Number of protein chains: 2
Amino acid sequence: MPGLSPEILRLYLVTDQALTRGRPLADVVAAAVHGGVTCVQLREKHSDTRDFMAQAVMLKALLAPHGVPLVINDRIDIAMACVAEGVHLGQSDMRVQDARRVLPPGVFIGWSVETGEDVAQSAGLPVDYLGVSPVFATPTKTDTKTPWGLEGLRQIRAASALPLVAIGGIHAGNAQDVVRAGADGLAVVSALCSADRPEVAARDLKRLILEAR
Amino acid sequence: MPGLSPEILRLYLVTDQALTRGRPLADVVAAAVHGGVTCVQLREKHSDTRDFMAQAVMLKALLAPHGVPLVINDRIDIAMACVAEGVHLGQSDMRVQDARRVLPPGVFIGWSVETGEDVAQSAGLPVDYLGVSPVFATPTKTDTKTPWGLEGLRQIRAASALPLVAIGGIHAGNAQDVVRAGADGLAVVSALCSADRPEVAARDLKRLILEAR
């Protein structure tokens, strides 16, 4: 694969149905896309396959007209069935070598790195970007390891040629620091899903990201 | 596809790690295979993908030398990654049309029918056998519908040309009635997973099934 364009990773929305404050996920995602989100990851840790698939098909239809790629968390079967552009795999998901063997060649793979060992290993793996997870402490995910911090992000930047997407505790107040520490893109959950106005919040974040580069 | 041989469905073990009474699943499955099990379905509703995949790879290695097919419940990504022979889909799993589109052509698809409407629909679907679920009431699955009973099974037999696998509350005491009512194969969970001697229990069930045909 010729390498994933970092452009599509700049402002990366990760969904969490529980954090939309009762608003339909489709409305929040549509607003965020109008505000400038460049990529959307569907994460559904508690849905059965039928419901997960329905959400994926809905988001694919919503995103395709905007040219915004859809990434499916964990479930490469869902990704293939809804013809998503990418998958994101964590340390308790399928190994990236297995996923790469099964996925069509055009589907990109993101992989969460939680330790220095993961980063060292990533150079030999068929992954298209790294998720630096978490960059800051966050209440959104409870199963993650020690935050990398900006210094950890800088070290990963120095060690890896892959595009880096930082996730965890990112908001308008620290977004530019994270970009300057080496992130190609910022992934956010609550900063968009829970925002009073997701479109405005996305536009603000996007501007901050592009300014900091 | 030329039609799945009903021979491989005769005695169909569905795994449940919680019902092995503390014994390693591999030991229970190996014993049951020595006793004559013809097919094994891995069902893991509460595992993360990494653990599910590890179980699938383990069972595939265990079953392949015996020529016993491995079927994966729900997760067609796991099925593809471990090169399983089949998948089994229920009403809350991926729709069979979507699964068929994604799966390699040689992987067979079983589908659970819970209502008369499901049975009527099955004739037009790309499925290779039907799971008649549940044939009797059972404590193993709590999310299923009204049991079909032997009369319901007879009606499905009359209505469908597909191989039928009955599941739910089957044991040595009713196995022959279920075969005579039209089942090509019997699927069991606790009758093997919880048996004092799974090999002996499998041998007994297999004999009863073959005698009743």
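Refer to the structure presented above.
Bear in mind that the values here come from a model prediction, so they are computed numbers and not experimental data.

Each value, and the rule that gives it
Residues numbered from 1 in each chain as written. Chains lettered and ligands numbered in written order. Predicted model: local features only at pLDDT ≥ 70, side-chain atom pairs only at ≥ 80, totals over all residues. Heavy atoms only, no water. Helix = DSSP H or I, 4+ residues; strand = E, 2+ residues; numbered from the N terminus. Rg over C-alpha atoms; globule rule 2.2 N^0.38 Å. Buried < 20%, exposed > 50% of the residue type's maximum accessible area, 1.4 Å probe, protein only. Contact = heavy atoms within 4.5 Å. Pairing = 2+ DSSP bridges. Axes fitted to C-alpha atoms, helices over the stretch in contact; angles between N-to-C directions. Phe/Tyr/Trp six-rings, centres within 6.5 Å; stacked < 30°, edge-to-face > 60°. Salt bridge = Lys/Arg side-chain N within 4 Å of Asp/Glu carboxyl O. Least-squares fit on C-alpha atoms with pLDDT ≥ 70 in both. Polar contact = N/O pair within 3.5 Å; in protein donor to acceptor, adjacent residues only side chain to side chain. Right-handed = clockwise from strand over helix to strand, strands pointing away. Parallel < 35°, antiparallel > 145°, perpendicular 65-115°, else oblique. Left-handed = near helix turned anticlockwise from the far one by under 90°. Nonpolar A, V, L, I, M, F, W, Y, C, P; charged D, E, K, R; others polar.

Asks: Mind laying out the overall build of chain A, listing which residues take part and the relevant values?
Replies: Scanning chain A from terminus to terminus reveals 9 helices and 8 strands. Taking 17 Å as the expected radius of gyration for a compact globule of 213 residues, we find that chain A reaches 16 Å, a close match to that expectation. C-alpha atoms of chain A, sized along the principal axes, occupy 40 × 40 × 30 Å. Relative to its full complement of 213 residues, chain A shows a buried share of 58%. Look at the contacts in chain A between residues 6 or more apart in sequence, and 58% of them connect residues 24 or more apart.

Asks: Explain the sheet that holds strand 5 (residues 108-113) of chain A to me, and be specific about the residues and the numbers.
Replies: All names here are of chain A. A barrel is described by the order of its strands in space; here 8 strands give the closed sequence 1-2-3-4-5-6-7-8, paired in parallel fashion. Along the sheet, successive strands turn relative to each other by an average axial angle of 25°, direction set aside. As paired strands, strand 6 (residues 129-132) and strand 7 (residues 164-167) are joined by 3 bridges and run parallel to one another. Bridging across to strand 7, Gly-131 finds its partner in Val-165. Most of the contacts of helix 2 (residues 49-63) go to strand 3 (residues 70-73), to which it runs at about 165°, and overall it touches strand 2 (39-42) and strand 3.

Asks: An account of helix 1 (residues 25-34) of chain B is requested, with residue identities and associated values reported.
Replies: Residues spaced three or four apart along an α-helix point in a common direction, a consequence of the helix completing one turn every 3.6 residues. For helix 1 of chain B, every residue scored as buried is listed here: Leu-25, Val-28, Val-29, Ala-31, Ala-32 and Val-33 of chain B. The inward-facing, buried residues of helix 1 of chain B abut strand 1 (11-14), strand 2 (39-42), helix 2 (49-63), helix 8 (190-193) and helix 9 (198-212) of chain B.

Asks: Quick rundown of the packing of aromatic side chains? Include the residues and the values.
Replies: All names here are of chain A. Taken as a whole, this structure holds 4 aromatic pairs over all chains when the rule is applied. Look at Tyr-12 and Tyr-129: their rings are 5.9 Å apart centre to centre, the planes differ by 65°, and that puts the pair in the edge-to-face class. Highlighted residues: Tyr-12 in strand 1 (residues 11-14) and Tyr-129 in strand 6, separated in sequence by 117 residues. Just as Tyr-12 is buried, Tyr-129 falls in that class too. Ring pairs connect the aromatic residues Tyr-12, Phe-108 and Tyr-129, which therefore count as one cluster.

Asks: Pulling in residues and values, what's your account of the pattern of salt bridges?
Replies: Overall, the coordinates contain 30 salt bridges over all chains when judged by the stated rule. Two residues, Asp-77 of chain A and Arg-75 of chain A, come together in a salt bridge whose shortest N-O distance is 2.8 Å. Between Glu-151 of chain B and Arg-154 of chain B there is a salt bridge, and its shortest N-O distance comes to 2.8 Å. Taken as a pair, Glu-151 of chain B and Arg-154 of chain B lie in helix 6 (residues 149-159) at a separation of 3 residues, close to a single helical turn. Where salt bridges share partners, they join Arg-75 and Asp-77 of chain A together with Arg-75 and Asp-77 of chain B into one cluster.

Asks: Summarise the relation of the copies chain B and chain A; cite the residues concerned and give the values.
Replies: In screw terms, the move from chain B to chain A is a rotation of 180° and a rise of 0.0 Å along the axis, fitting with an RMSD of 0.0 Å. Here the symmetry operator amounts to a two-fold rotation axis. For chain B, the smallest separation between a C-alpha atom and the rotation axis is recorded for Asp-77 of chain B, amounting to 2.3 Å. Residue by residue, 100% of the interface of chain B is reproduced at the interface of chain A, so both copies engage with the same surface.

Asks: Give me the lowdown on unusual backbone geometry, citing residues and values where you can.
Replies: Residues and elements named next belong to chain A. In this structure, Pro-134 follows Ser-133 across a cis peptide bond, with omega equal to -10°. In this structure, Pro-134 sits in the loop between strand 6 and helix 6 (149-159). Its identity is not glycine, yet Arg-21 carries a phi of approximately 60°, on the positive side. Relative to the helices and strands, Arg-21 is located in the loop between strand 1 and helix 1 (25-35). Of note in the backbone geometry, Val-83 takes a positive phi value of approximately 55° without being a glycine.

Asks: Outline the side chain of Gln-41 of chain A, supporting the account with residue identities and numerical values.
Replies: All names here are of chain A. With respect to the secondary-structure elements, Gln-41 resides in strand 2. Judged by its relative accessible area of 4%, Gln-41 falls in the buried class. A polar side-chain atom of Gln-41 sits 2.9 Å from a polar atom in the side chain of Tyr-12.

Asks: Before we move on, could you go through the pairing of strand 7 of chain A and cite the residues and values that matter?
Replies: On a regular strand, each side chain points to the face opposite its neighbour's, so the side chains alternate between the two faces of the sheet. All names here are of chain A. Of the two faces of strand 7, the one carrying Leu-164 and Ala-166 and the one carrying Val-165 and Ile-167 are both buried. Sheet topology places strand 7 next to strand 8 (residues 185-188); 3 bridges connect them, and they run parallel. From the neighbouring strand, Ile-167 faces strand 8, where its bridge partner is Ala-187. Regarding topology, helix 7 (residues 175-180) serves as the crossover connection from strand 7 to the parallel strand 8, and that connection is right-handed.

Asks: Explain the packing of helix 1 of chain A against helix 2 of chain A to me, using residue names and the numbers behind them.
Replies: All names here are of chain A. One way to put it is that helix 1 packs onto helix 2 with a least axis distance of 11 Å and a crossing angle of 30°. Taken together, the axes of helix 1 and helix 2 lie roughly parallel to each other. Crossing geometry of helix 1 relative to helix 2 is assigned as right-handed. In contact with Leu-25, Ala-26, Val-29, Ala-30 and Val-33 of helix 1, helix 2 contributes Gln-55, Met-58, Leu-59, Leu-62 and Leu-63. For the contact of helix 1 with helix 2, the class distribution of residues is 9 nonpolar, 1 polar and no charged.

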